[in-house]
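# Overview (structure and organization)
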Amino acid sequence: MMTLNSTNRRLGPLRIAAFATITALLAGSAACAGASSGTKQTGTTTRVLTIAASSSPMNLDPALNGNGSPQMWFTRPAYEAFITRTPDGEATPGLATEWGYSDDRMKFVVTLREGVKFSDGTDLTAEAAANSINYWREHTSFTQYLDKVDTIEATGPLEVTFNLKTPDPLLPWVLDQNGQAASIIGPAGLENPEMLGTESVGAGPYMVSKSETIANSEYVYVKNPNYWNPDAQHYDKIIIKVMTDNNAALAALRADQVQVADIDANSVEAAKAAGLHVDQATAALVGIYLADLDGTIVPALKDVRVRQALNYALDRKGITEALYGSAATPTTQYVTEGVGGYVASLEDYYPHDPEKAIQLLTEAGYPDGFEFTLAVQPGALNQDMLSQAVVEAWAKIGVTANIKSYPSFADYAGDLMSLAVPATSFNYYYWGGQLVVIEGLFTNPALYNFFQYNDQPVNDLVAKERGYDLDSVDGIKAAEDVETYVVENAMSVPVAACDTILVSTDDVTGTEFSSVWPMPDMTNYRPAK
């Protein structure tokens, strides 16, 4: 028997947890930064929403673009997913009307909505959807999202079946608008993928206006005439302007030239003073990832006492206040309060205690400390200052970390993949479930586990967690067990949980979001009048 979700029987809200890939971290810079939205009425008949984004898209092809804000703003208008996640985290029908697992949890079956067409007029079928997801799977950087899936196939005209290699409770989140795997591309786009870099073939409410779009400057979207739900097309046109300067974005908001801005935490007070509307919620974890846990190039990192010392050395509260102000909260764990897997007793598990740190280093055989290289992730907000603050704290306990910066993300990724550096700063977007961050950082395989170390207790604990729905009692207990293990064993160095900040003018409504679902969805924005 198949247990399905439908319009009358929906998934409950999922507690958030962390999500990222190395590529995603460059693409999504919303941690301790802002994403904003708005609306503008021009003339008497045309409604235009103009958004200022702090960076250009990696690609307009949803398989090649990044995640997080502002990257996803560029693909979301044109591509609808199977499941639409509401601001409070509830899963509601999108291109799919039903979805669910088989009793043995080894199949996940999706029933598509009837009568849906792509922007070019082609019908949405199960075969087209399966082909799109397989294309995404083959080309995306986020392959981990579907690594528990064996095959994806059309098992009926409007039925898509995911055959699993092992149970995977994350699929409802992988297949929503922010998971992106089910941002379905039409057959014409799959036949000619190069066209997806400049135009769109999707089933979303809008489509790229190729003639009006200027790459790396201004991206224009017009209504999809074939969209299945015209009532959800709140604007006649959406314009996303690339504005890399915070001050310029604020000036444009004040002048009502844009109604959305992607700004950093340091600009919040200026936005409030200008009478702009500010929304914010916890969105991402920042810290230091200790990749070389086997001690391959830095033997000291294999000793749990050394890793604990690196945690005790930090004044997280001081670092957080200095770098992020009120837009972040210091933390020693990997999920935030209210999230499945959060354990209150772990919140200050490593208080600032340099003397204890030195004691632990001495017990581990490093009374004079040790030295290693710390890579700084390029393109993510405040990673350079975060790294400097951490390095200064470690120096006080005798540990020397030499910061290595990079001119490009390609150079950074090259060092990681060639095992040239044992640790890196990171900016990890909260998304989905606690399971995502653990599978991203600590299991083998894991997206960030580029040294491919193997910690069998983590693998075993995660295997148990996969057997439950993430928001079930058993699933939350399993997540708590995982969280306790990785924190107590100091498998990395979390520093702060940072906010996404939305700034909008009073022309717009629907910009609210919450820490349950910290990725703003611009298709929710509506004219205020």
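The sections below set out a description of the structure shown in this document. As the structure is a prediction and not an experimental result, all values here were calculated from the model.

Take the overall build of the protein chain next. When helices and strands are counted, the protein chain shows 14 helices and 22 strands. Radius of gyration (C-alpha) of the protein chain: 23 Å, near the 24 Å computed for a compact globule of 529 residues. When its C-alpha atoms are laid out on the principal axes, the protein chain stretches across 70 × 55 × 40 Å. For the protein chain, the residues scored as buried account for 60% of the 529 residues in total. Long-range contacts, defined here as pairs at least 24 residues apart, represent 71% of the contacts in the protein chain between residues at least 6 apart. As displayed, the protein chain has an accessible area near 18800 Å², and 48% of this comes from carbon and sulfur atoms.

The subject of this paragraph is the sheet that holds strand 8 (residues 107-112). A sheet is described by the order of its strands in space; here 4 strands give the open sequence 7-8-10-9, paired in antiparallel fashion. Only two strands of the sheet have a single partner each, and these edge strands are strand 7 (96-101) and strand 9 (149-156). Taken pair by pair, the neighbouring strands of this sheet meet at an average axis angle of 15°, ignoring direction. The sheet contact formed by strand 8 and strand 10 (residues 159-164) spans 5 bridges and is antiparallel. Counterpart to Phe108 in the pairing with strand 10 is Phe162. Strand contacts of helix 2 (residues 126-139): strand 8, strand 9 and strand 10, with the helix running at about 165° to strand 9, the strand carrying the most contacts.

What follows deals with the packing of helix 7 (residues 304-312) against helix 9 (residues 354-363). For the pair helix 7 and helix 9, interaxial distance at closest approach is 8 Å and the crossing angle is 165°. In terms of orientation, helix 7 and helix 9 fall into the roughly antiparallel class. For the pair helix 7 and helix 9, the crossing hand works out as left-handed. Along the contact surface, helix 7 presents Arg305, Val306, Gln308, Ala309 and Tyr312, while helix 9 presents Pro354, Lys356, Ala357, Leu360, Leu361 and Glu363. Per-class residue counts for the contact of helix 7 with helix 9 are 7 nonpolar, 1 polar and 3 charged.

Moving on, we come to the pattern of salt bridges. Enumeration according to the criterion identifies 14 salt bridges in this entry. When the shortest N-O distance is used, the salt bridge between Glu439 and Lys148 registers 3.4 Å. Of this pair, Glu439 sits in helix 12 (residues 434-441) while Lys148 sits in the loop between helix 2 and strand 9; the two residues are 291 residues apart in sequence, bridging distant segments of the chain. Classification of Lys148 as buried rests on a relative accessible area of 8%. Where Glu439 meets Arg466, a salt bridge forms, and the shortest distance between an N and an O atom there is 2.6 Å. Taken together, the residues Glu439 in helix 12 and Arg466 in the loop between helix 13 (456-465) and helix 14 (473-488) connect sequence positions 27 residues apart. Among the residues examined, Glu439 registers a relative accessible area of 3% and is labelled buried. On the basis of relative accessibility, which here comes to 15%, the residue Arg466 falls in the buried class. Among the charged side chains, a salt-bridge network with shared partners connects Asp147, Lys148, Glu439 and Arg466.

The rules we used
- Residues numbered from 1 in each chain as written.
- Predicted model: local features only at pLDDT ≥ 70, side-chain atom pairs only at ≥ 80, totals over all residues.
- Heavy atoms only, no water.
- Helix = DSSP H or I, 4+ residues; strand = E, 2+ residues; numbered from the N terminus.
- Rg over C-alpha atoms; globule rule 2.2 N^0.38 Å.
- Buried < 20%, exposed > 50% of the residue type's maximum accessible area, 1.4 Å probe, protein only.
- Contact = heavy atoms within 4.5 Å.
- Areas by Shrake-Rupley, 256 points an atom, 1.4 Å probe, with all protein chains shown as cover.
- Pairing = 2+ DSSP bridges.
- Axes fitted to C-alpha atoms, helices over the stretch in contact; angles between N-to-C directions.
- Parallel < 35°, antiparallel > 145°, perpendicular 65-115°, else oblique.
- Left-handed = near helix turned anticlockwise from the far one by under 90°.
- Nonpolar A, V, L, I, M, F, W, Y, C, P; charged D, E, K, R; others polar.
- Salt bridge = Lys/Arg side-chain N within 4 Å of Asp/Glu carboxyl O.

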